[in-house]
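Residue-level listing of the chains:
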Amino acid sequence: MKKLIFEGAEAKTFLTEFAGKKAIEKVRAEKNYRRKELDEKIRKNRTRDEANLLHKAKTVGVRTPVIFGVDKKNSVILMEYIKGKKIGEKIDSLKKKNFQEIGKQISLLHLNSIVHGDLTTNNILIKKEKLFFVDFGLGFNSKKTEDFAVDLLGFKRTFLSSFPQKEKEWKQVEKGYCKKARGKEVLKRIKEVEKRGRYL
Ligand SMILES: Nc1ncnc2c1ncn2[C@@H]1O[C@H](COP(=O)(O)OP(=O)(O)O)[C@@H](O)[C@H]1O
Ligand SMILES: [Mg+2]
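What you see is a predicted model; the values in this text were computed from it and never measured.

Asker: Describe in detail the site of ligand 1, supporting the description with residues and values.
Answerer: Taken together, 19 residues lie around ligand 1, and Phe6, Gly8, Pro65, Ile82 and Asp135 are the ones closest in. Where the shell around ligand 1 is concerned, the elements lending two or more residues are β1 (3–7), β2 (11–18), β3 (21–28) and β5 (76–80). Per-class residue counts for the shell around ligand 1 are nine nonpolar, five polar and five charged. Two domains each put at least three residues into the shell around ligand 1: domain 1 (3–80) and domain 2 (85–199).

Asker: Go over the pairing of strand β8 (residues 124–127) with me, naming the residues and quoting the values.
Answerer: Strand direction decides the pairing type here: strand β6 (residues 85–86) and β8, joined by two bridges, are antiparallel. Considered in β8, the bridge of lysine 86 is made with leucine 125. The antiparallel hairpin formed by β8 and strand β9 (residues 130–133) contains two residues in its connecting segment, where lysine 128 sits at a positive phi of about 50°.

Asker: If you had to explain the domain arrangement of the protein chain to someone new, which residues and values would you point to?
Answerer: Under the domain assignment, the protein chain is made up of domain 1 (3–80) and domain 2 (85–199). Look at where the C-alpha atoms of domain 1 and domain 2 centre, and you get two points 22 Å apart. The interface is formed by 15 residues belonging to domain 1 together with 13 residues belonging to domain 2. Residue contributions to the side of domain 1 that touches domain 2 peak at seven residues, all from helix α1 (residues 36–59). Partitioned by chemical class, the residues of the side of domain 1 that touches domain 2 number seven nonpolar, two polar and six charged.

Asker: Residues and numbers for helix α2 (residues 96–111), please.
Answerer: Look at α2: 23 Å from first C-alpha to last across 16 residues, which is about the 22 Å you get at 1.5 Å a residue. Burial in α2 covers these residues: Phe99, Gln100, Glu101, Ile102, Gly103, Lys104, Gln105, Ile106, Ser107, Leu109 and His110. Backbone geometry just after α2 places serine 113 at a positive phi near 65°.

Asker: Lay out the sheet that holds β5 in plain terms, naming residues and giving numbers.
Answerer: The antiparallel open sheet is built from five strands, whose spatial order is β1-β2-β3-β5-β4. Each of the sheet's edge strands pairs with one partner strand only, and the pair in question is β1 and β4 (67–71). Averaged over all pairs of adjacent strands, the angle between their axes in this sheet comes to 20°, without regard to strand direction. With eight bridges connecting them, β2 and β3 associate as antiparallel partners. Within β3, the position partnered with threonine 16 by the bridge is alanine 23. The sheet strands contacting α1 are β3, β4 and β5, and the helix crosses β4 at an angle near 165°.

Asker: So what about the environment of phenylalanine 132? Which residues, and what values?
Answerer: Tracing the backbone shows phenylalanine 132 in strand β9. Exposure remark for phenylalanine 132: the 20 C-beta atoms within 10 Å place this residue in the buried category. With sequence-adjacent residues up to four places away left out, phenylalanine 132 is seen in contact with Arg63, Thr64, Pro65, Ile82, Gly84, Leu125 and Lys127.

Asker: Tell me what's going on with unusual backbone geometry, and back it up with residues and numbers.
Answerer: You will see that serine 75, though not glycine, has its phi angle at about 55°, which is positive. Topologically, serine 75 is positioned in the loop between β4 and β5. By C-beta crowding, serine 75 is classed as buried, having 24 other C-beta atoms within 10 Å. Unusually for a residue other than glycine, lysine 128 sits at a positive phi of about 50°. By C-beta crowding, lysine 128 is classed as exposed, having 6 other C-beta atoms within 10 Å.

The rules we used
- Residues numbered from 1 in each chain as written.
- Chains lettered and ligands numbered in written order.
- Predicted model: local features only at pLDDT ≥ 70, side-chain atom pairs only at ≥ 80, totals over all residues.
- Near = placed C-beta within 6 Å.
- Helix = DSSP H or I, 4+ residues; strand = E, 2+ residues; numbered from the N terminus.
- Nonpolar A, V, L, I, M, F, W, Y, C, P; charged D, E, K, R; others polar.
- Domains from an automatic or database assignment.
- Pairing = 2+ DSSP bridges.
- Contact = placed C-beta atoms within 7 Å.
- Expected span 1.5 Å × (residues − 1).
- Buried ≥ 20, exposed ≤ 12 C-beta atoms within 10 Å, placed from the backbone.
- Axes fitted to C-alpha atoms, helices over the stretch in contact; angles between N-to-C directions.

Encoded structure:
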């Protein structure tokens, strides 16, 4: 059994089986506009980095799918299937504390030097009130306030453009983010980046 469930710009995501259970296979497809050797290198590196970050996030207490295997040659990550919903699909039934928890988990990633790189309401899943982060394909390690600010601002933009009526809920995400160290500093930087953006 192997069923395509999502096709993004960079990868195809399949629902499959592993050890008798549902599993997810994320395959980075060839990009013909890139030179073959370069393309292979990029896909291999991103696959490796994504698997490393998925695992690292878990070790710092942020829920992510368990990795069952990595096929670097074919740029495939085989991982646990999270039987949940994207937070975007559940947005109207999420409570204040869920939004705060989203912010708190992002700050936990940042405080452990993990920048997600593609925070959207599709890349955070919720299963019985528990949040799972997926898609670290654009992630990297950093301790810089600027990188944290850009990461959270990216989320703010996609969040509010998908759900413009959810300003209050976004404020709860920020509140949760500020519960841990450096939160205020990062929000201050976001304001600066937004100002800069306006005058570019
Ligand atoms: N481990 C998983 N369990 C359940 N659903 C997943 C899992 N990984 C990915 N998905 C679903 O597949 C979608 C695409 O996966 P993702 O890693 O975000 O790929 P892309 O880089 O193409 O966006 C996600 O938005 C999510 O809905
Ligand atoms: Mg994604």
